[in-house]
Amino acid sequence: MGKFIQDFKEFALKGNVVDMAIGVIIGGAFGKIVTSLVNDIIMPVISVCTGGASYADLKYVITEGKPEDVANGVAAVEEVAINYGTFIMNIVDFFIIALSIFVAIRYTTKFMKKEKAAEEAAPAPEPTKEEVLLTEIRDLLAKKN
């Protein structure tokens, strides 16, 4: 059991896990922002352009709901409907988030390529005096043998 706990501590305290946790938290907040953007800004504009119906209210009713009739002892029946307007809004959410992630990854990849190219283009550092001296000693010893 002690080895299990030690392995878990090593896993949980690695930098990548912490970075991933931060990404998940920021992603959740970003998702809320995108949902608000779609629900409160984009879809109302699209609704006005397409005739004024709110996308959140678009649905196909399969079975009408019936109110409760206490006098006759009839229980309430809930409406059964396919809410395709909400589905459309979720698709728009998905595409905005996917586009944002694509752009972020694309620019990150470009930045990493530039940084790697700069590292490869950097000249090798000059050897220190000790390294030069040791190289000369090695070469002299190689000539003697």
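Quick caveat, the model's predicted, so the values are computed rather than measured.

Applying the stated criterion across every chain yields a total of one aromatic pair. Ring geometry for F94 and F95: centres 5.5 Å apart, planes at 65 degrees, overall edge-to-face. Pair check on accessibility: F94 and F95 agree, each one exposed.

Taking 1.5 Å per residue, 16 residues should reach 22 Å; helix 4 (residues 129-144) reaches 23 Å between its end C-alpha atoms and fits that length. Taken across its 16 residues, helix 4 has zero buried, putting it largely on the surface.

This next bit is on the environment of Y107. As for its position among the elements, Y107 is in helix 3 (residues 84-121). The class for Y107 is exposed, based on a relative accessible area of 54%. Between the alpha carbons of Y107 and K143 there is a distance of 54 Å; along the sequence they are 36 residues apart.

This paragraph deals with the environment of Y60. If you trace the backbone, Y60 turns up in strand 1 (residues 60-63). For Y60, a relative accessible area of 53% puts it in the exposed group. Between the C-alpha atoms of Y60 and I82, which are 22 residues apart in sequence, the distance is 5.0 Å. Those residues in contact with Y60 that sit more than four places away from it in its chain are V80, A81, I82 and Y84.

As a further point, take the nonpolar core. V34, V38, M43, Y55 and M89 form the largest nonpolar core, which has five residues in total. Ranked by the residues each element gives to this core, the list is headed by helix 2 (residues 15-49), at three residues. Ignoring sequence-local partners within four residues, the contact set of M89 consists of V38, N39, M43, Y55 and A56.

Relative to the helices and strands, D93 is located in helix 3. For D93, which is buried and forms no salt bridge, the nearest opposite charge comes from K32, at a distance of 13 Å. There is a polar contact of 3.2 Å between the side chain of D93 and the side chain of T35. Ignoring sequence-local partners within four residues, the contact set of D93 consists of V34, T35 and V38.

On to the pattern of salt bridges, then. Per the counting criterion, the structure on display carries three salt bridges. As a salt-bridge pair, E79 and K59 come within 2.8 Å of each other at their nearest N and O atoms. Of this pair, E79 sits in the loop between strand 1 and strand 2 (80-82) while K59 sits in the loop between helix 2 and strand 1, and the two are 20 residues apart along the sequence. For K59, a relative accessible area of 38% corresponds to the partly exposed category. Residues R138 and D139 are paired through a salt bridge, measuring 3.3 Å at the closest nitrogen-oxygen approach. For R138, a relative accessible area of 53% translates into the label exposed.

Overall, the predicted model of the protein chain reaches an average pLDDT of 83, with 94% of residues at or above 70. Of all helices and strands in the protein chain, the one with the weakest mean pLDDT is helix 1 (residues 2-12) (81), whereas strand 2 scores best (89).

Side chains of Y60, I62, V80, I82, Y84, F87, I88, I91, F94 and F95 sit close together on the surface and give an oily, nonpolar patch of about 1,000 Å² of accessible area. Every element with two or more residues in the nonpolar patch is listed here: strand 1, strand 2 and helix 3. In terms of residues, the nonpolar patch owes the most to one element, helix 3, which gives six residues. Structurally, the position occupied by F95 is in helix 3.

Definitions and cut-offs
Residues numbered from 1 in each chain as written. Predicted model: local features only at pLDDT ≥ 70, side-chain atom pairs only at ≥ 80, totals over all residues. Heavy atoms only, no water. Phe/Tyr/Trp six-rings, centres within 6.5 Å; stacked < 30°, edge-to-face > 60°. Buried < 20%, exposed > 50% of the residue type's maximum accessible area, 1.4 Å probe, protein only. Helix = DSSP H or I, 4+ residues; strand = E, 2+ residues; numbered from the N terminus. Expected span 1.5 Å × (residues − 1). Contact = heavy atoms within 4.5 Å. Core = buried A, V, L, I, M, F, W, Y, C linked by side-chain atoms within 4.5 Å. Lys, Arg positive; Asp, Glu negative; His and termini not counted. Salt bridge = Lys/Arg side-chain N within 4 Å of Asp/Glu carboxyl O. Polar contact = N/O pair within 3.5 Å; in protein donor to acceptor, adjacent residues only side chain to side chain. pLDDT = per-residue confidence, 0-100. Patch = residues over 30% accessible without salt bridge, like charges linked within 9 Å, V, L, I, M, F, W, Y side chains within 5 Å. Areas by Shrake-Rupley, 256 points an atom, 1.4 Å probe, with all protein chains shown as cover.

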